[in-house]
Amino acid sequence: MSTVFTTCPLCEATCGLELTVEGDRVTKVRGDRDDEFSKGFICPKGASLGTLDADPDRLRTPLVKRAGEFVETTWAEAFAYIDERLKDFPDRDAVAMYLGNPVVHSLAGGLYAGPLRKALGSRNVFTASTVDQMPKHVQCGHMYGSIFSIPVPDIDRTDFMLVLGADPFSSNGSLWTVPDAPGRFRELQRRGGSFVVVDPRRSRTAAAADQHVVIRPGTDVFLLLALIHELFAQDLVDLKELADHVTDHTPVRALVADFGPDAVAERTGVAAEVIRALARRLATADRAAVYGRIGTTTVEFGTIASWAVDTLNVLTGNLDRPGGVMWPLPAHSRRGSGRGKGFGIGSWHSRVKGHPEVMGEFPAVTLVDEIETPGDGQVRALFTIGGNPALSLPNSARVNDALASLEFMVSVDPYLNETTRHADVILPTPPPSRRAHYDLAFFNNSVRNVVKYSRAPIPLEQDRVDETDIFFRLATIFGGMGPAADLDAIAAFQLAELKTKLGADFEPEGETREERLLDLKLRTGAYGVSLRQLLDNPHGIDLGPLTSRLPEILRTASGKVELTPQAVVDDLPRVLESLRTPETEMVLVGRRHLRTNNSWMHNVPALVKGRPLCTLLVNTGDARRIGLTDGATARVTSRVGKVEVLVEVTDDIAPGVVSMPHGWGHDLPGTRMTVAREHAGVNVNLLTDDLRIDPLSGTAVLNGTRVQVVPA
Ligand SMILES: Nc1nc2c(c(=O)[nH]1)N[C@H]1C(S)=C(S)[C@@H](COP(=O)(O)OP(=O)(O)OC[C@H]3O[C@@H](n4cnc5c(=O)[nH]c(N)nc54)[C@H](O)[C@@H]3O)O[C@H]1N2
Ligand SMILES: Nc1nc2c(c(=O)[nH]1)N[C@H]1C(S)=C(S)[C@@H](COP(=O)(O)OP(=O)(O)OC[C@H]3O[C@@H](n4cnc5c(=O)[nH]c(N)nc54)[C@H](O)[C@@H]3O)O[C@H]1N2
Ligand code: SF4
Ligand SMILES: [Mo]
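Residues numbered from 1 in each chain as written. Chains lettered and ligands numbered in written order. Predicted model: local features only at pLDDT ≥ 70, side-chain atom pairs only at ≥ 80, totals over all residues. Heavy atoms only, no water.

(A) Focus on the UniProt feature "domain: 4Fe-4S Mo/W bis-MGD-type" (unreviewed entry) in the chain. The UniProt record marks residues 1–57 with the feature "domain: 4Fe-4S Mo/W bis-MGD-type" (unreviewed entry), using the residue numbering of this structure. Here residues 1–57 runs as 16% helix and 35% strand, with 25 Å between its end C-alpha atoms. (UniProt positions renumbered as here; feature names shortened; annotations may be inferred. Helix = DSSP H or I, 4+ residues; strand = E, 2+ residues; numbered from the N terminus.)

This is the structure:
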């Protein structure tokens, strides 16, 4: 029996875990009380890591489909088969790739997702970002010149937080790495601060807040613009030390002129007086932070709403200031020069609908168009990497049909699920206990500068292949090097190149290719820490509170924060037009539960036990009017589809709004997820509309879907 420390890869909170390992099994999981960052915090998902890890449905061996049936094969055969089949698709745009959420949670994704995309060389790359946070990347690209420069609330030092469309008490934070978010919010209140939550639902976070502002879904953009309006109207604009680093802020006043509190009150459902008071509270707090998440990004005006969030932070002088919103500085990164080329989209366009490329990818909703539409460049083959588009993309019925029509499909995924059942080859990834961990993505979003590395708690079995090697192998196959290239030789060559580029005069150390790469990045990084130091500190190293990074962080051509990007200015008339269009229908929104993780953790018994989690929340008054009772079944219809779902009647949801979580609907044929099948639930994305997107970012509108609800 041994005790091993690692980081939980299941959500963005990056909690330290203490694992008890007996033989090849994790027999106990606890929060690591000595973890420098999470200090022992753990949630039910992390606590179930041992069961998840040992899930008997988890695939161990590659599967290949022969005459419609999956059969086991060896790794060498699987890779050789993929290499062979790819020869049928000389036009690289015919081969698409979809990268899902777990890719950002692994060392494999962090180091090799980029090279993998590049090696494929197809314009048809899609990721879960365009059903999620892409508006935030685009906004930060426009304002700061870099899509990854997303400022995060400095919750431990703030006095006031305004939270819109996020439920960190359930999601544990997103684009915001904040282990024990509930504890930090409570600590904020204990030291005399407060927080306000804007949400159509009384979420767990809203319930704990000092004030819950109930809003009509999809209308945060109007509320945010009205708050900006009020800062000017009440003479509350004060950029403080920011003034030198921001382009002229005075034009903003005219941009929001039509969005006064009285103009937006009816459409948002938020009284004008509430908006005025909120603006004053935000501006008069010593240190304040505005934070928006899913409810502000997967909506019609996601990019404008995201711009408005940070514009509020700028106009109150809270950007880049302790207690405001700040940029972390990860140990594997370096400081910048403060200037760059800026950001743009549309270097190329999608074949069928002409969508501009954003961050080198197309909107996930248009993957189906590219598969369905014949002609030159039609997508006929697909690689899904850690993604479940069959459940996670809007208009799932259409997605499923499209996946079924592909000539060739490969999935890098540990499960035979709703998506991978369509694959010709499944390459299974090892469980969390068998892999090394370093958070290349989330150290970029964390509320303190921290760094931690852990080796695989249990060594990988001989007959298995690490996900890093799967990615690397696929990249070499895409690159035309065949199914058996010498990965070590290629890695050594690449490491040498990078060494020269970074001007390193030392030999990177480590047991694996990935360790040597990390060591190089770390030792040439901002703090000069080494892999060796991280190995000596299994609970992580605290590099201190966030510090100001202006102007060094900027990559704009002007060397300033661009407060009025042209793309935003050009889209505002569309926002105004929408404000003037009344919206009276019933609308559907999403939610998350502490015990879920998108579509793929419903196979863990402890996480799905008890009352069903996949229910339709209906307001008490609406239920009475429609004739629905608690526990009844409702039929919900939208433009794209129809589902029947269990009803939960509650006052926690606003009138005129219904809420349903995503990631359910596990009753499809041909999958191998025993527990999930028993708790199948219903796929909400049979209702969400693939034709509705935020055009500035290509992001799907998943909140605010118009629906009709009747008893089934
Ligand atoms: N209606 C509605 N739809 C939504 C959302 C919503 O709020 N409402 N949310 C959206 C958001 S924010 C997101 S991020 C997407 C998620 O969309 P996806 O990323 O497409 O879906 P996930 O459910 O996260 O599926 C993850 C897949 O990765 C596999 N997997 C698990 N661990 C690993 C691993 O270590 N390696 C690899 N290679 N694979 C692994 C799982 O088996 C599963 O197949 O869903 C989006 N869809
Ligand atoms: N437990 C758990 N944690 C997760 C996940 C999970 O599936 N389960 N998924 C992970 C992923 S991939 C992501 S992206 C993050 C997301 O993290 P969060 O954004 O915190 O996600 P949610 O918990 O869905 O919270 C969104 C809230 O927005 C509200 N909402 C919906 N529409 C609107 C609107 O138009 N306006 C406003 N103001 N509010 C609205 C919903 O009622 C809900 O309370 O969570 C991550 N963490
Ligand atoms: S909060 Fe997230 S990182 Fe922490 S234990 Fe839970 S799932 Fe893991
Ligand atoms: Mo997400």
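(B) Just the pairing of strand β2 (residues 16–22), in detail. Of all seven residues making up β2, six are buried, and the element is well covered by its neighbours. Judged from the six bridges that link them, strand β1 (residues 2–7) and β2 form a sheet pairing that is antiparallel. Paired with Thr7 across the bridge in β2 is Gly16. Both β2 and strand β3 (residues 25–31) contribute to a ladder of six bridges, which runs antiparallel. The residue of β3 that forms the bridge with Val21 is Val26. Taken together, β2 and the strand that follows it, β3, pair antiparallel across an intervening segment of two residues, in which Gly23 is found at a positive phi of about 60 degrees. (Buried < 20%, exposed > 50% of the residue type's maximum accessible area, 1.4 Å probe, protein only. Pairing = 2+ DSSP bridges.)

(C) The packing of helix α5 (residues 134–144) against helix α14 (residues 302–315), seen in detail. Two elements in contact, α5 and α14, have axes whose closest approach is 8 Å; the angle formed by their N-to-C orientations is 55 degrees. Judged by the angle between their axes, α5 and α14 are oblique. For the crossing formed where α5 meets α14, the hand is right-handed. Between α5, through Pro135, Lys136, Val138, Gln139, Cys140, Met143 and Tyr144, and α14, the contact on the second element is made entirely by Gly302, Thr303, Ser306, Trp307, Val309, Asp310 and Thr311. (Axes fitted to C-alpha atoms, helices over the stretch in contact; angles between N-to-C directions. Parallel < 35°, antiparallel > 145°, perpendicular 65-115°, else oblique. Left-handed = near helix turned anticlockwise from the far one by under 90°. Contact = heavy atoms within 4.5 Å.)

(D) Structural detail: the sheet that holds strand β12 (residues 288–292). Read from one edge to the other, the open sheet built from four strands follows the order β11-β10-β9-β12, with strand pairing classed as parallel. Among the strands making up the open sheet, the edge pair consists of β11 (211–213) and β12. For this sheet, the mean angle separating the axes of adjacent strands, direction not counted, is 15 degrees. Relative to β11, strand β10 (residues 194–198) runs parallel, the two sharing three bridges. Within the sheet, the bridge partner assigned to Val198 lies in β11 and is Val213. Where helix α9 (residues 220–233) meets the sheet, its contacts fall on β9 (160–164) and β10, and the angle it forms with β9 comes to roughly 150 degrees. Contacts from α14 reach β9 and β12 within the one sheet, and its direction differs from that of β12 by about 175 degrees.

(E) Looking closely at the site of ligand 1. Of all residues adjacent to ligand 1, which total 30 residues, the nearest are Tyr98, Asn101, Ser392, Asp413 and Ser599. Interatomic distance of 3.1 Å between a backbone N/O atom of Val412 and a nitrogen atom of ligand 1. Ser599 is positioned such that a nitrogen or oxygen atom in its side chain is 2.5 Å from an oxygen atom of ligand 1. Taking 910 Å² as the accessible area of ligand 1 by itself, protein coverage stands at 97%. (Near = heavy atom within 4 Å. Polar contact = N/O pair within 3.5 Å; in protein donor to acceptor, adjacent residues only side chain to side chain. Areas by Shrake-Rupley, 256 points an atom, 1.4 Å probe, with all protein chains shown as cover.)

(F) Seen up close, helix α22 (residues 566–579). An ideal rise of 1.5 Å per residue puts 20 Å on 14 residues; α22 measures up with 21 Å between its terminal C-alpha atoms. In the structure, α22 departs most strongly from a straight axis at Leu572, where the bend amounts to approximately 30 degrees and where the proline Pro573 lies between one and four residues downstream. Turning to α22, the residues buried within the fold contact α9, α10 (251–255), α11 (261–268) and α14. (Expected span 1.5 Å × (residues − 1). Bend = angle between axes of the 7 residues up to and from the residue.)

(G) Expanded view of the pairing of β12. Among the five residues in β12, five count as buried, and that is most of the element. The alternating pattern of β12 places Ala288, Val290 and Gly292 on one face and Ala289 and Tyr291 on the opposite face, and all of these are buried.

(H) Representation of the packing of aromatic side chains. For the coordinates displayed, the defined rule picks out 11 aromatic pairs. For the pair Phe169 and Phe185, a centre-to-centre distance of 5.7 Å together with 40 degrees between the ring planes defines the contact as tilted. Taken together, the residues Phe169 in helix α6 (residues 168–171) and Phe185 in helix α7 (residues 181–190) connect sequence positions 16 residues apart. By the ring-pair criterion, three or more aromatic residues cluster together here, those being Phe169, Trp176, Phe185, Phe195 and Tyr291. (Phe/Tyr/Trp six-rings, centres within 6.5 Å; stacked < 30°, edge-to-face > 60°.)

(I) Highlighting the environment of Asp53. Among the secondary structure elements, Asp53 is positioned in helix α2 (residues 49–53). If sequence neighbours within four positions are ignored, Asp53 has contacts with Val26, Arg58, Pro431, Pro432, Ser433 and Arg434.

(J) Summary view of the domain arrangement of the chain. Here the chain is partitioned into domain 1 (1–54), domain 2 (154–327 + 558–573) and domain 3 (584–711). Computed from C-alpha atoms alone, the centre-to-centre distance between domain 1 and domain 3 is 30 Å. Facing seven residues of domain 1, the contacting portion of domain 3 comprises nine residues. For domain 1, the biggest contributors to the area lost against domain 3 are Pro44, Lys45 and Leu52; these three give 60% of the whole. In this assembly, domain 1 and domain 3 are joined by zero salt bridges. (Domains from an automatic or database assignment. Buried area = accessible area lost by both parts, 1.4 Å probe. Salt bridge = Lys/Arg side-chain N within 4 Å of Asp/Glu carboxyl O.)

(K) Structural view of the nonpolar core. Among the nonpolar cores identified, the biggest contains 142 residues, and Leu427, Tyr438 and Leu474 are the most heavily contacted of them. Broken down by element, the residue count for this core peaks at 10 residues, all from α9. Once you skip the residues sitting within four places of it in the chain, Leu427 turns out to touch Pro62, Trp75, Ala78, Phe79, Ile82, Val410, Ser411, Val412, Asp413, Ile470 and Leu474. In this structure, Val131, Leu367, Val368 and Leu416 belong to the second largest nonpolar core, which totals 29 residues. (Core = buried A, V, L, I, M, F, W, Y, C linked by side-chain atoms within 4.5 Å.)

(L) Quick peek at the state of the cysteines. Under the counting rule described, the total for this entry stands at zero disulfides. In this model Cys614 remains outside any disulfide bridge; the closest cysteine sulfur is found in Cys43, 20 Å from its own. On the basis of relative accessibility, which here comes to 8%, the residue Cys614 falls in the buried class. (Disulfide = S-S within 2.5 Å.)

(M) Examining unusual backbone geometry more closely. Here Leu550 and Pro551 are connected by a cis peptide whose omega angle stands at 0 degrees. Among the secondary structure elements, Pro551 is positioned in the loop between β18 (541–545) and α22. We note that Asn172 has phi near 65 degrees; this positive angle belongs to a residue other than glycine. By the element assignment, Asn172 lies in the loop between α6 and α7. Asn172 gets classed as buried once you look at its relative accessible area, which sits at 3%. Despite not being glycine, Met359 shows a phi value in the positive range, around 55 degrees.

(N) Summary view of the site of ligand 2. In the vicinity of ligand 2 lie 31 residues, with Asp199, Gly218, Asp220, His593 and Thr596 positioned nearest. Between ligand 2 and Asp199, the relevant distance is 2.6 Å, taken from an oxygen atom to a side-chain nitrogen or oxygen of the residue. For ligand 2, whose unbound accessible area comes to 920 Å², protein coverage reaches 98%. For the shell around ligand 2, the elements supplying multiple residues, two or more each, are α6 and α13 (294–297). Partitioning the shell around ligand 2 into residue classes produces eight nonpolar, 14 polar and nine charged. Both domains that meet at the shell around ligand 2, namely domain 2 (154–327 + 558–573) and domain 3 (584–711), each give it at least three residues. (Nonpolar A, V, L, I, M, F, W, Y, C, P; charged D, E, K, R; others polar.)

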